[in-house]
Amino acid sequence: MKKTILKGNMRLGLLLGLSLLLLGALAGLFWSYARPAKTAVEYTARPYTYESTVDYRVRLQPNKLYDQLHLGPDRAYLRALTDSLETEFTFHFTAEEEAELKGEYSVSAHIIARSGPENHPLWEKSFLLLPPKPFAVSGTEVLVQESVAIPFSQYAALAKSIVEETNYSPQSLTLEVLYSATVEADTPEGQLRETVAPKLIVPLRETVFTVEEELKSKGSGGIAATRLEPVPYHAEARWGFALLSAVLAFALLLCSQMTAAEKKPGAAQRRLSRILKQHRERIVECAGKVSLSGHNLLAVATFEDLLKIAEELEKPVFYHCNGGENRGHSFFIFSGQRAYCYNLGEIGQPVQRTPRRYPPRQASR
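Draft legend 1. The nonpolar core, seen in detail. With 53 residues, the main nonpolar core has F91, F93, L175 and L200 as its most contacted residues. Contributing elements (two or more residues each) for this core: β2 (38-60), β5 (82-115), β6 (120-150), α2 (152-166), β7 (172-187), β8 (190-196), β9 (199-203) and β12 (216-230). Among the elements that make up this core, the one with the highest residue count is β5 (twelve residues). In terms of nonpolar packing, the next biggest core, distinct from the first, is built from 16 residues, I275, V317, F331 and Y340 among them.

The structure is reproduced here in structure tokens:
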């Protein structure tokens, strides 16, 4: 199989780059399998909405000032002419899923006296206007509508008598009417529970009063739950990293088998190149096989020795490259029946040089 020859650094860089990419793909494949296929996601189970309102109007005592018997909301009222407050409590609860809904609602009134810079409670009288009423509904909706009358004139008279009896006039004296409703349900996701408590506040000390409103509430809710959901692109990531790892492994194997690094020239090759470059004008390259039959062959140790002989004989130097798997390189000089030869040896093999011999030194007297 013929291999593509690449420079050593290029081939090494290519193999190293493919190896690093393969390691990255294998790391991604391990991560995709180590990562859980599902993740916990928080969501709102059993979502619902609710709304509560309190509408009111003021019923007057018989008087010569007003022709009508009732006054509507959002205005001022004379305490001396007020008989009672007629209220309408509405609570609407809507769930998205059916459940066994149950709960109760009630209405209570509180006369509260406060005193001091921070309005600390001084005394309180409480009255149950509507005892707790339970309800149970199988479905998605609860609707409560209840009319409640508040005997304002009686509460105002009671508060006045307490002030006279205690001989202390508190800094704040108010009537607070609390409308309370609670709905709950037991579901597979957990317990659902919602409570509303709108409030109607009426001052009892002023001759002219207005109703302070906390009469509307609206909102939504649900049960905080957790569920397992598939991780997006989890399977795709596994297949992608597996395919990428296989492709990179095949590319790395193919590159290692189909390419080879360019061999660096050995000492003999460098020696040959230097000889051919420096003495090109004196060297004749032989195209065919050199026949040495009929010649006395004399081998010399170095090319310099062969060059000296060529200068003395004024002969050209013939160069021949032996074919075959082990290529040898030989230089010849022909002079009559004698041939002088210098054999450079196989390219890539160390050059065998005949050591020069020097005459021994004479000892100095």
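Next comes the rest of the account.
Draft legend 2. Focus on the packing of aromatic side chains. Summed over all chains, the structure comprises eleven aromatic pairs. Taking the centre distance of 5.0 Å and the plane angle of 35° together, the rings of Y319 and F331 count as tilted. Of the two residues, Y319 is situated in strand β16 (residues 317-321) and F331 in strand β17 (residues 328-335); the sequence distance between them amounts to twelve residues. Assigned by exposure class, Y319 and F331 land together as buried. Through pairs of rings, three or more aromatic residues link up here, namely F303, Y319, F331 and Y342.

Draft legend 3. A look at a nonpolar patch on the surface. A contiguous nonpolar patch, built from L16, L20, L23 and L26 and spanning about 400 Å² of accessible area, is present on the exposed surface. With respect to the helices, strands and loops of the structure, L23 is situated in helix α1 (residues 8-34). Judged by its relative accessible area of 55%, L23 falls in the exposed class.

Draft legend 4. Looking closely at α2. If you check α2, its first and last C-alpha atoms are 21 Å apart, about what 15 residues at 1.5 Å a residue would give, namely 21 Å. Those residues of α2 not exposed but buried are F152, Y155, A156, A159, I162 and V163. Around the axis of α2, the buried residues are gathered within 125° of arc, so they sit on the same side. Of the exposed residues in α2, the ones pointing more than 90 degrees away from its buried face are Q154, K160, E164 and E165. N167 sits one or two positions beyond α2 and adopts a positive phi of about 55°.

Cut-offs and rules
- Residues numbered from 1 in each chain as written.
- Predicted model: local features only at pLDDT ≥ 70, side-chain atom pairs only at ≥ 80, totals over all residues.
- Heavy atoms only, no water.
- Core = buried A, V, L, I, M, F, W, Y, C linked by side-chain atoms within 4.5 Å.
- Buried < 20%, exposed > 50% of the residue type's maximum accessible area, 1.4 Å probe, protein only.
- Helix = DSSP H or I, 4+ residues; strand = E, 2+ residues; numbered from the N terminus.
- Phe/Tyr/Trp six-rings, centres within 6.5 Å; stacked < 30°, edge-to-face > 60°.
- Patch = residues over 30% accessible without salt bridge, like charges linked within 9 Å, V, L, I, M, F, W, Y side chains within 5 Å.
- Areas by Shrake-Rupley, 256 points an atom, 1.4 Å probe, with all protein chains shown as cover.
- Salt bridge = Lys/Arg side-chain N within 4 Å of Asp/Glu carboxyl O.
- Expected span 1.5 Å × (residues − 1).
- Arc of directions from axis to C-beta.

This is a description of form; function is not addressed.
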